Amino acid sequence: MRSDAMHLAPRPAGAAPLPALSTQPAPAHAAATAAAISRHAQRDGALLPLLHDIQAQLGFIPPACVNQIAQALNLSRAEVHGVITYYPHFHSCTPAPHRLEVCRAEACQAMGGDALAEHAQARLGCGFHERDADGAIDLEPVYCLGLCAQSPAVALDGRPHARMNAQRLDRLLDSLKNGEAA
Ligand code: FES
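Residues numbered from 1 in each chain as written. Predicted model: local features only at pLDDT ≥ 70, side-chain atom pairs only at ≥ 80, totals over all residues. Heavy atoms only, no water.

### Details of the overall build of the protein chain
Helix and strand content of the protein chain: six helices and five strands. Walking the protein chain from its N terminus toward its C terminus, one meets helices and strands in the order α-α-α-α-β-α-β-β-β-β-α. Counting all 182 residues of the protein chain, 42% fall into the buried class. Contacts spanning at least 24 positions in sequence make up 63% of the contacts within the protein chain whose residues lie at least 6 apart. (Helix = DSSP H or I, 4+ residues; strand = E, 2+ residues; numbered from the N terminus. Buried < 20%, exposed > 50% of the residue type's maximum accessible area, 1.4 Å probe, protein only. Contact = heavy atoms within 4.5 Å.)

Dropping the structure here:
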């Protein structure tokens, strides 16, 4: 079964190399992947919902499971890998303990979202889709958190925070570092 996702766009330049053929998935990862395959393999365009399902279960899509997915959907490993690396939403390694999402959509941009995004990157010392130097926080863009009337907004570990600015973001991240509830 093929997925329409392969026709959305070419594989981006600089995509990560394919995982080694000999890599064997951890039993728990193989089991989660098999369960997702059983839920989605028979539907049209199965690849994307299957990948979402695996990431929802494991927090990432293990590279060692790419072959298992490809075989189940009658795709090549390169096709599956290309879709995983095309969408920034999908992760190929375990997530950091924390995740900071900064809204990059229009309403937040109009209320200082660009400066907030720049501050978040400077504070964490990494760009979007990257991890801070301590390995503690993944920094990701999002496109609307449903807080447009109270923009700009971020979400830390899934919890939204409205009317943010650099100082409030610093306090939020400081509280995380100090082990306080975000
Ligand atoms: S545009 Fe940022 S929360 Fe809606």
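### Re the sheet that holds strand β4 (residues 154–156)
Sheet architecture is open: five strands sit in the order β2-β3-β1-β4-β5, paired in mixed fashion. Only two strands of the sheet have a single neighbouring strand rather than two, namely β2 (130–131) and β5 (159–161). In this structure, strand β1 (residues 98–103) lies alongside β4, joined through three bridges in antiparallel fashion. Its bridge partner being in β4, L100 is matched across the sheet by L156. Helix α5 (residues 106–124) contacts β1, β3 (137–142) and β4 of the sheet and is inclined by roughly 150° relative to β1. (Pairing = 2+ DSSP bridges. Axes fitted to C-alpha atoms, helices over the stretch in contact; angles between N-to-C directions.)

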